[in-house]
Amino acid sequence: MSGISRRQLLAAGLGAAGTVATGVGLGGYVLPLLAREDLIPGEAPTRALEPEVWEITDQRLNFVALGDNGSGGRQAMAVAGRMADTYANRPYGHVVLLGDISYYGNFADRYDDVFVRPMRPLLDAGVTFDLAIGNHDEALRYSDEGFEEIEAEVRLLDTPGRYYVKTYGPADIFFLDSSVPGLFGPRSSDQLAWLDDTLASSTSQWRIVAMHHPPYSSGRHGSTPRAEEMLVPILERHHVDLVLAGHDHNYERTHPLDGVTYVVSGGGCKTTKVGHSSFTAVAERILQFLYVEIDDDHLVARCIRPSGEIADRFELRAREGR
Ligand SMILES: [Fe+2]
């Protein structure tokens, strides 16, 4: 079996996929699975981190944004390992999860493999994780099973609701559930009205929106239909600084569009092709996460690869005119 045992497959967190594959033998099923880079088993990071040594004040905040990390395989471990290394150098207290945190199986079943094992150093250090719900199971999209799985994610991660706002230091971070059917369509949910109202009452210096489906993307899925029409005017009206999304498995940053910078940070465990659009400032097909530091009205963000290489660095000034 190409030197990889069933035990190793399961230990790598392949869960249901690994079980099914080994159950039917090699014939035409295991090998295609093993050929997928994001399914190759990997070592979980074990680095011990000093707990709760980050600093958050009214002026200062740092955090990580990670998208589409849910394989439990080697590449997911490499990204998670670099997140632990980054904490060791510049401790941070929060991770913004941009959705799709469990591929190839139900999150409740795969919780240890796709979340606890890779994030163990950060969990032990007391880092908290806030989830922007993703579609994460295209086969289950909008089905009852899909919603059951989302409920398991919300429960296991102690997420306060399907959409919510968290205030950390000088920033309000608005978490949306972009998997809701019709969010950007004619049956637009209450969520956008909530966002409009909550942004209107925000008094924080920074306003950041986290969601799974990107309003602007040059990746495989591309820009989310009707987001430009339904969501973007709300973001612009309330001077949102930064929108963080995933879904496309790459890194992309837009030029500021009417003052709003849009980032796709979806390289948490696998990559897909990305092109360039008129709105693109930087686009790369890479494994990565985004590390963000805010100091008063100044934000610096770095797109970090598993090697530690900085693939992109950008700065923002808090928007004026609020
Ligand atoms: Fe997705």
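Relevant structure appears above.
Residues numbered from 1 in each chain as written. Predicted model: local features only at pLDDT ≥ 70, side-chain atom pairs only at ≥ 80, totals over all residues.

Visitor: Help me out: how do you make sense of unusual backbone geometry in this one?
Guide: Phi is mostly negative for residues that are not glycine, and the peptide bonds are mostly trans. For arginine 226, which is not a glycine, the phi torsion comes out positive at approximately 70 degrees. Relative to the helices and strands, arginine 226 is located in the loop between strand E6 (206–210) and helix H8 (227–230). Under the C-beta neighbour-count criterion, arginine 226 is labelled partly exposed, with 16 such atoms within 10 Å. In this structure, histidine 247 is a non-glycine residue whose phi angle is positive, near 75 degrees. Checked against the element boundaries, histidine 247 lands in the loop between strand E7 (242–245) and strand E8 (251–254). (Helix = DSSP H or I, 4+ residues; strand = E, 2+ residues; numbered from the N terminus. Buried ≥ 20, exposed ≤ 12 C-beta atoms within 10 Å, placed from the backbone.)

Visitor: Is there a simple way to explain the sheet that holds strand E12 (residues 298–304) in this structure?
Guide: Strand pairing in a sheet relies on backbone hydrogen bonds, with the paired strands running either antiparallel or parallel. An order of E3-E2-E1-E11-E12-E13 is seen for the 6 strands of this open sheet, with the pairing classed as mixed. With partners counted over all chains shown, the strands left at the sheet margins are strand E3 (128–131) and strand E13 (310–317), one partner each. On average, adjacent strands in this sheet sit at an angle of 20 degrees to one another, irrespective of strand direction. One ladder, built from 4 bridges, connects strand E2 (residues 94–97) with E3; its direction is parallel. Bridging from a neighbouring strand, valine 95 pairs with phenylalanine 129 of E3. Sitting on the sheet, helix H4 (residues 74–89) touches strand E1 (60–66), strand E11 (289–295) and E12, and the angle it makes with E11 is about 25 degrees. (Pairing = 2+ DSSP bridges. Axes fitted to C-alpha atoms, helices over the stretch in contact; angles between N-to-C directions. Contact = placed C-beta atoms within 7 Å.)

Visitor: I tried to follow the nonpolar core on my own but got confused; where do I start?
Guide: Side chains of nonpolar character tend, in soluble globular proteins, to be buried together. In terms of nonpolar packing, the biggest core is built from 72 residues, with Val64, Ala65, Ala210, Val243 and Leu244 touching the most fellow members. It is H4 that contributes the most residues to this core, 7 residues altogether. (Core = buried A, V, L, I, M, F, W, Y, C linked by C-beta atoms within 7 Å.)

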